[in-house]
Every structure is written in structure tokens, then in C-alpha cells.
Amino acid sequence: MATHEPFYDMIFDNLRKFAFPEEWLLLDKALAKQDLMSLLMIDRLGECTMSQLAEHMSFPLSTTTGIVDRLVKKGYVHRFRSETDRRMVLIDLTEQGQGFAKETKQKLMQLIERLFEVLSDEEKALIFSLLDKVSKVFRELGQDSEDTESSKPMVQKITIE
């Protein structure tokens, strides 16, 4: 364990800089982090149900509902009934939400471009390889916790007949 402490210290000392650079702090004033991530996920999914958003964000449906309520109130998300099944509530970004998502993605891409300017092609390939390995470990950890009897799914699907 002691051999990993320098790595832990480096991550802990730099996490805020890495995960929340100044550009993020400016965005943070507009939306809470969960709201921002949900808005970006809705942008990615397109028109979707609350359950789909909850599943992709790994949030309980009640949390997702609160987030969407805030996004609707701010004018970023539109909530409406499905034309084919009136029981189903769908969500999608408004024009304002699409603009905000586009602006946010542009800022994130600028951050990535700044990072990639100082990296060689080999270093970029190494980063992708390492991130792929890390994400596989996290996926496996998630699967391990799903396999245990004591774990309960965060989002429960209910089939309506």
C-alpha cells in the first residue's frame, strides 16, 4: 500500500486542478455539477425519458427528477408527453439548453486542445491506453458490486402492461 501513496498524493493534490480548472469554475456558477452533467447527457442522448437519463447518470429517479425540474425552471430542458404513449414523459433540450451545451462542449474541447498541445503523439496514445485500462477497472468494480446480493440497483425498471 505504501508504494501507492505518492500516486494517491499526486491525484489528491491535483484533482481539483484537473477536474475543475478555472473554466469549470465559471460554468459552476451557472449550474450545479450534477445539473451540468445531466444537461450534457441529455444533449448526448437527445430526446429521452426520465428513466433513461437516470440510468445513464446512475442516479435514482427521484434525484433525476429534481435535476430536470431545475433545468426546466432555468429554461434549458423541455418536458413533454409522448405523442405515441401519453403516459410517457419525455425530456429534451430547449434552444437555450442546446446553446449552453454547445458552449460547454467547446470550452471542454479547448481544454483538451491545450492539454494535447504539450503532448507528443506517443504520450497521447499512452493517455488513451491508460484511460481505457482505468475505465475497464471501474466497469469491473461496478459489475462486482452488481453481482453481490446486498447491492440494490440504483434505478429500478417497472414494466407497465
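That block above? That's the structure.
The sections below set out a description of the structure shown in this document. Predicted model, so just to flag it, every value in this text is computed and none were measured.

**Some points on the overall build of the protein chain**
Scanning the protein chain from N- to C-terminus turns up seven helices and three strands. Counting from the amino terminus, the protein chain carries its helices and strands in the arrangement α-α-α-β-α-α-β-β-α-α. Out of the 161 residues belonging to the protein chain, those deemed buried represent 22%. Put simply, 49% of the contacts in the protein chain that link residues at least 6 apart link residues at least 24 apart. Carbon and sulfur atoms form 57% of the exposed surface of the protein chain, whose accessible area is close to 12,400 Å².

**Some remarks on the packing of aromatic side chains**
Evaluation of the coordinates by the stated rule reveals two aromatic pairs. The interplanar angle of 40° and the centroid separation of 5.0 Å between the aromatic rings of Tyr76 and Phe100 together place this pair among those described as tilted. Pair noted here: Tyr76 is in the loop between helix 5 (61-73) and strand 2 (77-81) and Phe100 is in helix 6 (residues 95-117), with a separation of 24 residues, a long-range link. Look at Tyr76 and you get buried, because its relative accessible area is 10%. Of the residues examined, Phe100 reaches a relative accessible area of 10% and is grouped as buried. Consider the rings of Phe116 and Phe128, whose centres lie 6.0 Å apart with planes at 85°: the pair is edge-to-face. One end of the pair, Phe116, is in helix 6; the other, Phe128, is in helix 7 (residues 121-147), and 12 residues separate them in sequence. Using a relative accessible area of 52% as the deciding quantity, one classes Phe128 as exposed.

**Thoughts on the side chain of Ser82**
Relative to the elements of secondary structure, Ser82 occurs in the loop between strand 2 and strand 3 (89-93). In terms of polar contacts, Ser82 uses its side chain to reach the backbone amide nitrogen of Asp85, at 3.2 Å.

Thresholds applied
- Every chain begins its residue count from 1, and numbering advances along the sequence as written.
- The predicted nature of this model means local features are confined to residues of pLDDT at least 70 and side-chain atom pairs, given and counted, to a pLDDT of 80 or more, with totals for whole chains, interfaces and linings taken over all residues.
- Hydrogen atoms and water are omitted, and side-chain values are computed over all heavy atoms in the structure.
- The helix and strand labels rest on DSSP assignments: H or I over at least four residues marks a helix, E over at least two residues marks a strand, and numbering proceeds from the N terminus.
- To sort residues, take the accessible area from a 1.4 Å probe on protein chains only and compare it with the maximum for the residue type: under 20% means buried, over 50% means exposed, and anything in between is partly exposed.
- In this description, contact between two residues means that some pair of their heavy atoms is separated by no more than 4.5 Å.
- Working definition of accessibility: Shrake-Rupley area with a 1.4 Å probe, residue cover restricted to the visible protein chains.
- Only rings of Phe, Tyr and Trp enter the pairing, Trp through its six-membered ring, and a pair is recorded when the two centres are within 6.5 Å. The plane angle decides the type: under 30 degrees is stacked, over 60 is edge-to-face, the rest tilted.
- Whenever two N or O atoms come within 3.5 Å, that pair is a polar contact, provided that in protein one can donate a hydrogen and the other can accept it, and provided that, for residues adjacent in sequence, both atoms are side-chain atoms.

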